[in-house]
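Each chain is listed here by its residues.
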Amino acid sequence: MTAARGRAGRLLATSDLHVAYEENRRIVADLRPGSDDDWLLVAGDVGERVDDIHWVLELLAHRFARVVWVPGNHELWTPKRDSVDLRGVRRYEHLVDLCRGLGVLTPEDPYPVWEGEGGPVTIAPLFLLYDYTFRPDGTASKEEALSAAREAGVVCTDEFLLHPDPYPSRDAWSRARIEETERRLAACDPSLPTVLVNHWPLVREPTRVLRYPEFALWCGSERTADWHVRFRAAAVVYGHLHIPRTTWHDGVRFEEVSVGYPREWRQYGLRRGTLRQILPAPEPVSD
Ligand SMILES: [Fe+2]
Ligand SMILES: [Fe+2]
């Protein structure tokens, strides 16, 4: 590993690397820390296939002092012709085992503490999924919301490839994850702030700029709307929307850190880069 000298470690983040695309594989091949002490948060959607996910996390684990990963919806798909045909919870557990073999931390590990500049801060990787409560205006239930989205021609591929087994539904899986995670966060050292890392945004506001507003259904849960305040977040890191930017909610910095698909970053030119500095807190950037 080579690294610049004389630079303190930073807490960095990226997401939505989507390495099924060759252009994105090249981006990943170029991801390098600025110092031997840099940590990297990977907020999901590395890819769909287990071999791809392994390639990315192994490469990053060799380069960064610590890598923390949370699953996105794409990792949880069971695509045809993958080397692993596990579904739902068993697929997730398989990925957690893969991470453990590489020394990569997941939502199933004790939360690490960032002791570098801007710390100490508890780093909390979360896997919360979504529960269809980011509903379109005028709808009052999951069923009404899904039919409104279908009528608008918007249906997330998760409906076909992200299996919730053994839970009866993705929202049931999400509710279980949210309840368990809420207990863990409540048990964290109350004297430390946190960095909350989740593939889906914890608040609905960032989804208001989606090109297809109905897609918000697959983007989070109303149940986490106050977690950034309740759990003392110094920053919240997420992806999924493929709209890289910084927003502020109740005075807390939210960083959407996605790279996204080549057709997206070619259009906008990766203007926020491929690695976002989370700590020490950078100079504010206006979007
Ligand atoms: Fe994505
Ligand atoms: Fe996603």
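All values reported here derive from a predicted model rather than from experimental measurement. (Residues numbered from 1 in each chain as written. Chains lettered and ligands numbered in written order. Predicted model: local features only at pLDDT ≥ 70, side-chain atom pairs only at ≥ 80, totals over all residues.)

**Q** Before we move on, can you summarise the overall build of the chain with the specific residues and values?
**A** Counting secondary structure elements, the chain contains 9 helices and 10 strands. The C-alpha atoms of the chain give a radius of gyration of 18 Å, which matches the 19 Å a tight globule of 287 residues would have. With respect to the principal axes defined by its C-alpha atoms, the chain has extents near 55 × 45 × 40 Å. The proportion of buried residues among the 287 residues of the chain is 43%. Sequence-distant contacts in the chain: of pairs separated by 6 or more residues, those separated by 24 or more amount to 74%. (Helix = DSSP H or I, 4+ residues; strand = E, 2+ residues; numbered from the N terminus. Rg over C-alpha atoms; globule rule 2.2 N^0.38 Å. Buried ≥ 20, exposed ≤ 12 C-beta atoms within 10 Å, placed from the backbone. Contact = placed C-beta atoms within 7 Å.)

**Q** Summarise helix α2 (residues 50-63); cite the residues concerned and give the values.
**A** Along its 14 residues, α2 runs 20 Å from first to last C-alpha, staying within 8% of the 20 Å computed at 1.5 Å per residue. Of the residues making up α2, those classed as buried are Asp52, Ile53, Val56, Leu57 and Leu60. Mapping the buried residues of α2 onto a view down its axis gives an arc of 115°, with all of them on the same face. Turned more than 90 degrees off the buried face of α2, the exposed positions are Asp51 and His62. (Expected span 1.5 Å × (residues − 1). Arc of directions from axis to C-beta.)

**Q** Please provide a residue-by-residue account of the UniProt feature "domain: Calcineurin-like phosphoesterase" (unreviewed entry) in the chain, values included.
**A** The sites that carry the UniProt feature "domain: Calcineurin-like phosphoesterase" (unreviewed entry) are, in the present numbering, residues 10-244. Helix makes up 32% of residues 10-244 and strand 12%, and the two end C-alpha atoms of the span are 19 Å apart. (UniProt positions renumbered as here; feature names shortened; annotations may be inferred.)

**Q** Give me the lowdown on the packing of α2 against helix α4 (residues 88-102), citing residues and values where you can.
**A** Orientation of α2 relative to α4, taken along the N-to-C sense of each, is 30°, at an axis distance of 10 Å. With respect to each other, α2 and α4 are oriented roughly parallel. Seen along the crossing, α2 lies across α4 with a hand that is right-handed. Residues Ile53, His54, Leu57, Glu58 and Ala61 of α2 form the contact with α4, whose own contacting residues are Leu95, Leu98, Cys99 and Leu102. Looking at the contact of α2 with α4 residue by residue, the class counts come to 7 nonpolar, 1 polar and 1 charged. (Axes fitted to C-alpha atoms, helices over the stretch in contact; angles between N-to-C directions. Parallel < 35°, antiparallel > 145°, perpendicular 65-115°, else oblique. Left-handed = near helix turned anticlockwise from the far one by under 90°. Nonpolar A, V, L, I, M, F, W, Y, C, P; charged D, E, K, R; others polar.)

**Q** Describe the environment of Tyr21, listing the residues and the values that go with them.
**A** Its location among the elements puts Tyr21 in the loop between β1 (11-14) and α1 (22-29). When neighbours within four sequence positions are excluded, Tyr21 is seen to be in contact with Tyr261 and Pro262.

**Q** Tell me what's going on with the environment of Cys219, and back it up with residues and numbers.
**A** Topologically, Cys219 is positioned in the loop between β6 (194-197) and α8 (227-230). On the neighbour-count criterion, Cys219 (21 C-beta atoms within 10 Å) is buried. For the pair Cys219 and Val203, spaced 16 residues apart in sequence, the C-alpha separation works out to 9.4 Å. Those residues within four positions of Cys219 in sequence are excluded, and the remaining contacts are Tyr130, Phe134, Trp200, Pro201, Thr207, His240 and Leu241.

**Q** Describe the sheet that holds strand β9 (residues 252-256), naming the residues involved and giving the relevant values.
**A** The 6 strands lie next to each other as β4-β5-β6-β7-β9-β8, forming an open sheet whose pairing is mixed. Only two strands of the sheet have a single partner each, and these edge strands are β4 (113-114) and β8 (245-249). Relative to β9, strand β7 (residues 233-238) is paired through 4 bridges, and the arrangement is parallel. By the bridge assignment for β9, Val236 is matched with Phe254. (Pairing = 2+ DSSP bridges.)

**Q** Lay out the pairing of β9 with the relevant residues and their values.
**A** Both β8 and β9 contribute to a ladder of 5 bridges, which runs antiparallel. Within β9, the residue paired with Arg245 across the bridge is Glu256. Between the antiparallel neighbours β8 and β9 lie 2 residues, among them Asp250 with a positive phi of about 55°.

**Q** Go over the nonpolar core, please, and point to the residues and values.
**A** Within the largest apolar cluster, 72 residues are counted, with the highest numbers of intra-cluster contacts made by Val195, Leu196, Val197 and Val237. Ranked by the residues each element gives to this core, the list is headed by β7, at 6 residues. In contact with Val197, not counting residues within four places along its chain, are Leu41, Ala43, Val68, Val70, Ile123, Ala124, Pro125, Leu126 and Val237. (Core = buried A, V, L, I, M, F, W, Y, C linked by C-beta atoms within 7 Å.)

**Q** Break down the sheet that holds strand β10 (residues 276-279) for me, with residues and values.
**A** The mixed open sheet is built from 4 strands, whose spatial order is β3-β2-β1-β10. Edge strands, defined here as strands with exactly one partner in the open sheet, are β3 (66-69) and β10. This sheet shows a mean twist of 30° between the axes of neighbouring strands, independent of strand direction. Relative to strand β2 (residues 39-42), β1 runs parallel, the two sharing 4 bridges. Looking at β2, one finds that Ala13 is bridged to Leu41. Against the sheet, α2 makes contact with β2 and β3, and its axis sits at roughly 150° relative to β3, the strand it touches most.

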